[in-house]
Amino acid sequence: MNRRALSAVTAIVLIVLLFNGCSLRFASMDKLMHPPKLTGDNYQLQEAFEKAVGSDVVLKTPVKGSYQSAFVVCDADDDGGEEAFVFYVKESDASVVRMNVLDKVDGKWFSVTDMKGNGNGVYSVEFYDLNGDTVPEMLVGWSLYGSKVNRILTIYECAAWEDGSLGVEVLANEYYNEMAFVDVDFDGSSELFLVRFDDSGQIPQVFGSVYGMQKDLVSLIGEIKLDTNMSSVYSINTDFFSGDGKSMTRIFIDGIRSDTMVFTEVLTFDTVSASLMRLVENASQQTFRNMRVASRDIDGDGLLEIPMLSEMPGSSLKNESELSVGSISLVEWKSLGLSGRLSVRKRTVANGSGLYMLEIPAKWLGSVTVSESSVNHDMSVMQYDSKNAAEGDVLFVISAVYDRTSSAETSDFTGNSISLSSESGDKYVFEVAVTDSGKAFGITEEQIRELIKVN
Ligand SMILES: [Ca+2]
Ligand SMILES: [Ca+2]
Ligand SMILES: [Ca+2]
Ligand SMILES: [Ca+2]
């Protein structure tokens with residue numbers, strides 16, 4: 001039989017706001033609710049809001065997501081004009097967050113309606129078209145007093161009433177901890193994926209659920225029990241896997257087990273049986289790591305890898321007196337094959353500054369080790385004699401700095417700097433010093449640039 005290599009023509013499905021008609025220009029407005037007053041359009045919005053609710057209010061800012069301002073401005077009914085949603089509590093009753101909805105008619109803001117929310121804080125606000133009618137639905141996550149894990153997600157629809165005025169309707173309320181938009185049946189339109197914790201019974205349970213939306217109806221289309229070792233969600237990422245005649249959207253749920261421990265459940269939606277299925281059995285055992293690292297596409301092939309910890313032989317974390325106070329973990333990034341097999345794609349060591357990872361090429365294993373300063377997190381890569389467990393010459397040193405002015409001490413080396421940007425656009429400058437031994441080993445700055453992965 002002609003065995004064909006898996007061809008993974010894939011694309012990571014980014015969990016981002018696809019609807020881009022909304023604005024973030026009120027990001028700094030929360031702190032400005034009281035004098036000095038804002039000017040122009042923002043001022044008029046603020047005035048209309050205060051006129052509607054009074055001034056004895058405390059604004060509530062979403063803690064996460066695309067809109068981290070108490071004033072969310074968006075064309076929520078897709079009529080070409082903006083609407084505004086303002087989250088606040090009344091000073092006399094801080095236990096319930098309220099949402100004031102304002103519309104702009106003939107260039108002037110006025111309050112249309114005022115609604116009670118479902119919690120005492122706002123966790124996130126997202127706009128996303130779930131039923132494919134091009135009008136975004138509004139999804140508000142409400143934090144619940146006394147529950148760190150469970151929140152309530154309310155799905156709202158904004159539409160014009162017959163008289164043309166703006167109406168806001170609640171379509172669904174669901175308990176959840178984290179959510180993601182995932183096209184589980186890859187028809188081009190995303191479904192809603194929620195992870196929910198249920199501690200109402202004797203044994204706490206965790207569920208992964210997929211909701212679809214047709215017209216105004218939000219319905220559960222698949223649910224699976226997740227590993228009960230999960231105490232909250234660290235992150236959710238998805239990819240699209242295709243190979244050997246099979247295609248699937250995969251959902252990687254990095255779950256927190258206890259303070260620092262993380263493991264990854266991987267799910268897919270089987271379109272034939274219309275049910276969620278688990279791709280890694282015994283995930284809390286198999287993918288457990290004592291480090292908060294999320295699954296990510298480490299090698300840029302469009303497929304996610306799960307990080308797992310192993311030991312970096314000979315590695316050390318050194319204190320100010322150059323004494324070893326611990327070792328450094330080697331992170332093995334494992335891809336998940338069709339059969340459920342996990343295989344190493346790349347190896348990295350994480351820098352204690354949390355800024356970056358350094359890739360360890362396979363051919364270095366056994367002959368190179370790493371030490372890091374616990375003081376300034378400078379990372380030294382050195383030769384290593386694994387037979388005698390002995391450190392050799394330093395090959396190169398990386399010190400990360402935010403800008404060129406605060407360069408680290410590299411006086412012993414002929415240092416040079418490399419500028420790299422993270423996915424979120426943060427700029428880092430790395431001072432890189434390759435020693436003569438490093439040059440003899442064949443190390444170049446260009447190579448180091450390739451090996452640094454900015455977090
Ligand atoms: Ca509108
Ligand atoms: Ca819609
Ligand atoms: Ca879909
Ligand atoms: Ca990958």
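Presented here is a report on the structure given in the accompanying data block.

1. Details of the environment of N120
No. 1: One can find N120 in the loop between β6 (108-116) and β7 (121-128).
No. 2: We classify N120 as partly exposed; it has 16 C-beta atoms within 10 Å.
No. 3: Distance in space between the C-alpha atoms of N120 and V97 is 5.1 Å, their sequence separation being 23 residues.

2. Comments concerning the nonpolar core
No. 1: The biggest cluster of nonpolar side chains holds 106 residues, and the ones touching the most others in it are A84, V86, F193, V349, L358 and F396.
No. 2: Once residues within four sequence positions are removed from consideration, F193 is found in contact with M179, A180, V182, G208, V210, I236 and I251.

3. Thoughts on the sheet that holds strand β14 (residues 217-226)
No. 1: Taking strand neighbours across the sheet as the criterion, the 4 strands line up as β11-β12-β13-β14 in an open arrangement whose pairing is antiparallel. The strands lining the two open edges of the sheet, one partner per strand, are β11 (178-182) and β14. Between one strand and the next, the sheet's axes are offset by a mean angle of 25 degrees, whatever the strand orientation.
No. 2: Taken together, the 7 bridges between strand β12 (residues 191-198) and strand β13 (residues 205-214) define a ladder with antiparallel strand orientation.

4. Points about the sheet that holds strand β19 (residues 305-311)
No. 1: Read across the open sheet, the 5 strands follow the order β19-β22-β23-β24-β30; overall the sheet is antiparallel. With partners counted over all chains shown, the strands left at the sheet margins are β19 and β30 (452-454), one partner each. Taking the axes of each pair of neighbouring strands and ignoring which way they run, one obtains an average angle of 35 degrees across the sheet.
No. 2: With 3 bridges connecting them, strand β24 (residues 356-359) and β30 associate as antiparallel partners. Each bridged residue has a counterpart across the sheet, and for L358 the counterpart in β30 is I452.

5. Things to note about helix α1 (residues 40-53)
No. 1: Compared with an ideal rise of 1.5 Å per residue, which puts 14 residues at 20 Å, α1 spans 20 Å between its outermost C-alpha atoms and is within 8% of the ideal.
No. 2: Structurally, α1 contributes buried residues whose contacts are with β4 (83-90), β5 (93-105) and β6.
No. 3: Note on α1: the residue one or two positions beyond its end, G54, has a positive phi of about 85 degrees.

6. Observations regarding unusual backbone geometry
No. 1: Located in the positive-phi region is D106, a residue other than glycine, with phi close to 50 degrees.
No. 2: Summarising the element assignment, D106 is placed in the loop between β5 and β6.

How each quantity is defined
- Residues numbered from 1 in each chain as written.
- Chains lettered and ligands numbered in written order.
- Predicted model: local features only at pLDDT ≥ 70, side-chain atom pairs only at ≥ 80, totals over all residues.
- Helix = DSSP H or I, 4+ residues; strand = E, 2+ residues; numbered from the N terminus.
- Buried ≥ 20, exposed ≤ 12 C-beta atoms within 10 Å, placed from the backbone.
- Core = buried A, V, L, I, M, F, W, Y, C linked by C-beta atoms within 7 Å.
- Contact = placed C-beta atoms within 7 Å.
- Pairing = 2+ DSSP bridges.
- Axes fitted to C-alpha atoms, helices over the stretch in contact; angles between N-to-C directions.
- Expected span 1.5 Å × (residues − 1).

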